[in-house]
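Observations on chain architecture
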Amino acid sequence: MVKKAIIPAAGYGTRGLPITKVIPKEMFPIGVKPAIQFVVEEAIEAGIEHILVIVSRSKSMIVDYFDESLELETFLEKSNKQHLKGKLDIPKIQLHYTRQPKAKGLGDAIRLGETFIGDDPFAVLLPDDIILSDKKGATEELIHLYHEKQSSVIGLKEVEWNELHQYGVIGGSKIREDIYQVDEIIEKPKQNPPSNLAVVGRYVFTPKIFSYLKHLQAGHGGEIQLTDAIMDLLQDERCFGKCISGDRYDIGKTKDYIEVVMKVNKE
């Protein structure tokens, strides 16, 4: 059973400058909740019981948000505003934190979770990607396929061909509706992408991924790339891709962020 997850939240958020100089993009408000809360709630709905959040020295706001605020609760009680205490309810799950000393890439962030994960399968949820669905959540969909295949699973979305250079892109064979066996994965292909199936920020891995992450050298952009570890994993294990349901919004893009805020505010 997949009961653990990692949420990497240690990046600089350069796409969101200048606001990300002081506010982590994971804390961007969507309605009355920060973006990362949507991701944590998605994990809980998928049956996750323990989450490791990878933060940096400048991301203490994330830790504070999910902590209890006894001082504020006391103030509300003394001010006869007990009815507002319900707004302080936070997701009920065991959250753990560790710091990534230097922003050396997604692969480096995830490999910090090896001790936390141990020998268990686990999910990875990127808080840049908010996925809203009337059906199963994206993580739940991937976990369901993992249980069927007992192999690592990658979340996918079809993307316009002229946008594929912004994503990791898989090549593979379709085995049934919305499900593919992955044969290759390329990080931000500049030309000749193997398909229009882009990787979105949801994964389920066997713990074997760590044996590839720990030996990686810096790749694209001078960072430790998760994509490179997945490519190595494909030499020894099958890996599947699942086109997820729902609408995906990359909050690092101003257009997507505005769209998801408008959608949530309408609901």
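Described below are features of the structure shown in this document. None of the values given here were measured: they were computed from a predicted structure.

This part covers the pattern of salt bridges. Evaluation of the coordinates by the stated rule reveals 18 salt bridges. For the salt bridge of K3 with E49, the shortest nitrogen-to-oxygen distance reads 3.8 Å. With K3 in the segment before strand 1 (4-8) and E49 in the loop between helix 1 (35-45) and strand 4 (50-55), the pair connects residues that are 46 residues apart, well separated along the chain. The partly exposed category is assigned to K3, whose relative accessible area is 29%. In this structure, K149 engages E148 in a salt bridge whose closest nitrogen and oxygen atoms are separated by 3.6 Å. Residue K149 is classed as buried on the basis of its relative accessible area of 19%. Judged by its relative accessible area of 40%, E148 falls in the partly exposed class. Bridged by salt links that share partners, the residues R15, K25, E26, K59, D128 and D250 form one connected network.

Below, the discussion takes up the packing of aromatic side chains. For any two aromatic rings, the description comes down to two numbers: the centre-to-centre distance and the angle of the planes. The final tally for this structure, using the stated rule, is five aromatic pairs. Taking 5.2 Å as the distance between ring centres and 20 degrees as the angle between the ring planes, the aromatic pair formed by F122 and F210 counts as stacked. Of this pair, F122 sits in strand 6 (residues 122-125) while F210 sits in helix 7 (residues 209-213); the two residues are 88 residues apart in sequence, bridging distant segments of the chain. Taken as a pair, F122 and F210 share a single burial class, namely buried. Judged by centre distance (5.4 Å) and plane angle (15 degrees), the rings of Y203 and F205 are stacked. Accessibility expressed as a relative area gives 8% for Y203, which makes it buried. In this structure, K4 is placed above the aromatic ring of F116, and the distance from its NZ or CZ to the ring centre is 5.6 Å. The cationic tip of K33 hangs over the ring face of F38; the distance from NZ or CZ to the ring centre is 4.5 Å.

As a further point, take the layout of surface pockets. By volume, the largest pocket amounts to about 1100 Å³. Along its surface, the largest pocket is lined by 44 residues, and R15, L106, L126, D128 and K188 are the ones closest to its centre. Of all the secondary-structure elements, those providing two or more residues to the lining of the largest pocket are helix 4 (106-111), strand 10 (179-187), strand 11 (197-205), helix 8 (226-233) and strand 13 (247-250). Counting residues per element, the lining of the largest pocket draws most heavily on strand 11, which supplies four residues. For the lining of the largest pocket, the class distribution of residues is 18 nonpolar, 14 polar and twelve charged.

Here we take up the side chain of T206. Checked against the element boundaries, T206 lands in the loop between strand 11 and helix 7. Classification of T206 as buried rests on a relative accessible area of 9%. Setting aside its immediate chain neighbours within four residues, T206 contacts F122, Y146, S151, S152 and E237.

Think of an α-helix as turning once every 3.6 residues; residues three or four places apart then point the same way. Here helix 6 (residues 138-149) is twelve residues long and its end C-alpha atoms lie 17 Å apart, about the 16 Å a rise of 1.5 Å per residue gives. Every buried residue of helix 6 is listed here: A138, T139, E141, L142, I143, L145, Y146 and K149. Looking one or two places after helix 6, you find Q150, whose phi comes out positive at around 55 degrees.

So, how was this worked out
- Residues numbered from 1 in each chain as written.
- Predicted model: local features only at pLDDT ≥ 70, side-chain atom pairs only at ≥ 80, totals over all residues.
- Heavy atoms only, no water.
- Salt bridge = Lys/Arg side-chain N within 4 Å of Asp/Glu carboxyl O.
- Helix = DSSP H or I, 4+ residues; strand = E, 2+ residues; numbered from the N terminus.
- Buried < 20%, exposed > 50% of the residue type's maximum accessible area, 1.4 Å probe, protein only.
- Phe/Tyr/Trp six-rings, centres within 6.5 Å; stacked < 30°, edge-to-face > 60°.
- Lys NZ or Arg CZ within 6 Å of the ring centre and 35° of its normal.
- 1 Å grid on protein atoms, 1.4 Å probe; cavity = no way out; pocket = protein on both sides within 12 Å on 5 of 7 lines; lining within 4 Å.
- Points joined across faces, edges and corners; volume = space filled by probe spheres on them.
- Nonpolar A, V, L, I, M, F, W, Y, C, P; charged D, E, K, R; others polar.
- Contact = heavy atoms within 4.5 Å.
- Expected span 1.5 Å × (residues − 1).

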